[in-house]
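Commentary on secondary and tertiary structure
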Amino acid sequence: MSAVAEERGARAPWALTAPALMLFVGVLLIPLAMTVMLSFHDWGQYKGIEPVFILKNWKEIATDPYYAEMFWRTFRIAILTTLLTAVLGAPEAYILNRMSGRWKSFFLLVILGPLLISVVARTLGWALLFGGNNGLVNKLLMSFGAIRSPIPFMFTETGMVVALAHVMMPFMVLSVWAALQRLDPQIENAAMSLGAGPVTIIRRIIMPQIMPGVLSGAIIVFSLSASAFATPAIIGGRRLKVAATLAYDEFLNTLNWPLGAAVATLLLVALVLIVVGSNALIERRYAEVFR
Amino acid sequence: MAYLELDRVAKQFGAQTVVDDFSLSVGKGEFISFLGPSGCGKTTTLQMIAGFLDPTRGAIRLEGKDLIAVHPAKRGLGIVFQSYALFPHMTAAENVAFGLEMRNVPRAERAERVRAALAMVGLAGYEDRHPRRMSGGQQQRVALARALVIKPSVLLLDEPLSNLDAKLREEMQIELRQIQRTIGTTTILVTHDQNEAMSLSDRIVVMSQGKIEQIGTPQETYERPASAFVSQFLGKTNDFAGTIDRAVTPSQLVAGSWSAPAPAGLNGAVTISIRPERIGFGDAGLSAKIVTRIFQGNHWLFQCDSECGPAIVIRQNDGTAQPAEGEAVRLTWRPEDMSVRARAGA
Ligand SMILES: Nc1ncnc2c1ncn2[C@@H]1O[C@H](COP(=O)(O)OP(=O)(O)OP(=O)(O)O)[C@@H](O)[C@H]1O
Ligand SMILES: [Mg+2]
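If you're wondering where the values come from, they're calculated on a predicted model, not measured in any experiment.

Points about the overall build of chain A
From N to C terminus, chain A includes 13 helices and 2 strands. Relative to the globule expectation of 19 Å for 291 residues, the C-alpha radius of gyration of chain A, 24 Å, shows a markedly less compact shape. With the C-alpha coordinates of chain A rotated into their principal frame, the extents come out at 85 × 75 × 35 Å. The proportion of buried residues among the 291 residues of chain A is 39%.

Quick word on the packing of aromatic side chains
Counted under the stated rule, the structure contains 21 aromatic pairs over all chains. Seen in terms of ring centroids, Trp126 of chain A and Phe153 of chain A are 5.7 Å apart; in terms of plane orientation they differ by 15°. Their pairing is stacked. Highlighted residues: Trp126 of chain A in helix α5 (residues 119-130) and Phe153 of chain A in the loop between α6 (136-144) and α7 (157-181), separated in sequence by 27 residues. Among the aromatic residues, those joined into a ring-pair cluster are Phe40, Phe53 and Trp58 of chain A. The side chain of Arg239 of chain A reaches across the aromatic face of Phe155 of chain A, ending 3.8 Å from its centre. Here Arg146 of chain B stacks its cationic end above the ring of Phe87 of chain B, 4.7 Å away from the centre of that ring.

Quick notes on the environment of Thr231 of chain A
Residue and element names in this part refer to chain A. Among the secondary structure elements, Thr231 is positioned in helix α10 (residues 230-235). Along the backbone, Thr231 and Gly159 are 72 residues apart, and their C-alpha atoms lie at a distance of 9.8 Å. Aside from chain neighbours lying at most four places away, what touches Thr231 is Val119, Thr123, Met160, Ala163, Leu164, Val167 and Gly236. Polar contacts involving the side chain of Thr231 include one to the side chain of Thr123, which spans 3.2 Å.

What to know about the environment of Ile61 of chain A
Residue and element names in this part refer to chain A. Mapped onto the secondary structure, Ile61 falls in helix α2 (residues 56-63). Between the alpha carbons of Ile61 and Ile111 there is a distance of 40 Å; along the sequence they are 50 residues apart. Not counting residues up to four positions away in its chain, the partners in contact with Ile61 are Tyr67, Leu259, Ala262, Val263 and Leu266.

Some points on the confidence of the model for chain B
Averaged over every residue, the pLDDT of chain B is 91; residues scoring 70 or more account for 99%. Predicted as a complex, the structure gets a pTM of 0.82 and an ipTM equal to 0.81.

Here we look at the interface of chain A and chain B
Listed by partner, the interface residues are 19 residues for chain A and 25 residues for chain B. Roughly 2200 Å² is buried in total at the junction of chain A and chain B, and carbon and sulfur atoms are behind 60% of that figure. Taken together, the links from chain A to chain B amount to 1 salt bridge. Taking the shortest distance from any N to any O, the salt bridge between Arg204 of chain A and Glu101 of chain B comes out at 2.7 Å. Inspection of the chain A/chain B interface yields 4 residue pairs in polar contact (both at pLDDT 80 or more). When residues of the side of chain A that touches chain B are traced back to their parent elements, those giving at least two are α8 (187-193), α9 (198-226) and α13 (287-290) of chain A. Here the side of chain A that touches chain B gets 6 residues from one element, more than from any other, and that element is α8 of chain A. Its residues assigned to classes, the side of chain A that touches chain B shows 9 nonpolar, 6 polar and 4 charged.

Thresholds, definitions, all that
- Sequence positions are assigned chain by chain, starting from 1 and proceeding in written order.
- Here chains are named by letter from A upward and ligands by number from 1 upward, in the order in which they appear as written.
- Only residues with pLDDT of at least 70 get local features here, since the model is predicted, and only at 80 or more are side-chain atom pairs given and counted; chain-wide, interface and lining totals rely on the full set of residues.
- Working from all heavy atoms in the structure, the side-chain values ignore hydrogens and water.
- Elements are defined by DSSP. Helices are runs of H or I of four residues or more, strands are runs of E of two residues or more, and each kind is numbered from the N terminus.
- Here the globule rule is a power law, 2.2 Å times the number of residues to the power 0.38, and the radius of gyration is based on C-alpha atoms.
- The rule is simple: take the accessible area with a 1.4 Å probe, protein chains only, and divide by the maximum for that residue type; under 20% is buried, over 50% is exposed, in between is partly exposed.
- Planes of paired rings set the category: under 30 degrees apart is stacked, over 60 is edge-to-face and the rest tilted, where pairs are Phe, Tyr or Trp rings (Trp by its six-membered ring) whose centres lie within 6.5 Å.
- The criterion for a charge sitting over a ring is simple: Lys NZ or Arg CZ within 6 Å of the ring centre, and within 35 degrees of the ring normal.
- Residue contacts are defined here by distance: any two heavy atoms, one from each residue, within 4.5 Å place the two residues in contact.
- Side-chain atoms alone can form a polar contact between residues adjacent in sequence; in general such a contact is a pair of N or O atoms within 3.5 Å, and within protein one must be able to donate a hydrogen while the other accepts it.
- pLDDT measures how confident the predictor is about each residue, on a scale from 0 to 100.
- Take the accessible area each of two parts loses on contact, using a 1.4 Å probe, and add the two losses: that sum is the buried area.
- Should a side-chain nitrogen of Lys or Arg be within 4 Å of a carboxyl oxygen of Asp or Glu, the pair is scored as a salt bridge.
- Charged residues are taken to be Asp, Glu, Lys and Arg, nonpolar residues to be Ala, Val, Leu, Ile, Met, Phe, Trp, Tyr, Cys and Pro, and polar residues to be all remaining types, Gly included.

What follows is the structure in structure tokens.
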């Protein structure tokens, strides 16, 4: 090969990836960098945004316990949502995988179907069922005398976790489902022939092998829940704020863009650290199953 | 007395009968092979013995006791699956130890038995490897050790060697046979490789479309095939159309210009089955012309055009002169080398 051709060969990958790279830089990296920059700017009720470099917003977040509580709530909700989807989703995927052909495709559709419906519509559904005195379920239960006052759901963390878990369930089921597909179809028979009962088979043979699926599902669900906006906005409104709804409020209601940017940046950094960290842990722990 | 007994076992999936009227008694310590083409029901039969499938009809007994009523986890059989089905998240030693753990074998004894089992299959020193880091042959050995360590009453092997390359397969065959001889476990091997079945088994069960075609020693099934299917399936064979003439005395079996005293019990149109290596060239017999002559090192392969249709002849390369292509020859064989059966549709 001539030197010219070799040089061209070395440049070709760059040339080929350039369009995608430009898109990546243009729509992701630049706005991201601008948001981070924005978080160091000053803002005043009357003067608006001043492009200076100060740590005022970051100091406010670090010192005001309001923000600590709000971030803690955000992650508490995300963790509980993740646990709920794992506890319900993993057995769901396992049962689904054991169903026979026709039922399997039907129930898979039932589980994945909600993905086709807007998150807003799904969350509003919960609001219709449990929203105060007029919620369908509340009305029904109260008319039977089963409960005296409406079940607290709107503006509660419980309600937010339930609604989020509903929205996130398909991701967990799909992730566990993918792990189940990698199992040897005879693996349960093999364990059974060695004398293992059904509980032992699930605990010792199936669980360890689908754990990577559960954990990668958990990472997806956790990061989507922690940064979710629509569901917390509808269930929690302005009374029960999480990081995403707070950033939104700072941007659009208070118009304090720099503070909103600082909140958004902190959420992003925290999420990236958590996701990258747990991913590394999982890969190390389950190296043998992943190979 | 039969150790393991299958009594008219049948299995249906919906309307499809996959195994039918399967009766077999296996002696203690015997090595049995189920041999047959793909889809003939070998795995299904094995899974019924293992308990993963319930027979539609029939009985399975182990030492005279009904086995079907026993849960698969309690049958105490050792099974090696075609895919090995090792537990990928456990090391080789943990895989082998699993069955002992389920039997609550004390830790010290467990470690010793695991070590011995792995040593027996030639894997000493591989205790801490995970299956995905092992070669196909090594995984196969772990699977074998895992099945044997529980001292199973019967060892069931479902095409355990089919994923290995030819050389390794041969090695493993020899090893399998040696291990089985040493510990004397009653073994059932499923295979569609006739050489594997012949070289390993005490008896072969030849199956076709869910039915038993023949049960016999490798030699019996090879030399006295009970049906055209068996003779075709177990290596190359020549089928010649013949007739038995009872009008003459002594009565004669005639195929073209070859003839011999007729065997008892048959009459009229028959099929003569004769293995290619049992045919010789002589002065009298079936007249034929040699179409091709192929040299294969230790033997010659002749394709002939005979009075009774195409014929294959194999001659040892013992240094004697062999007929050339195009030459006219007479094919002859000893009556005891052929098997004769009534010709269907005649
Ligand atoms: N669960 C099932 N449902 C319906 N039909 C089945 C089922 N399992 C097996 N069969 C059918 O039963 C027949 C025998 O299958 P089996 O697996 O016993 O064959 P085999 O002799 O082991 O073949 P191979 O050598 O290819 O493994 C096949 O025709 C197969 O299609
Ligand atoms: Mg099979």
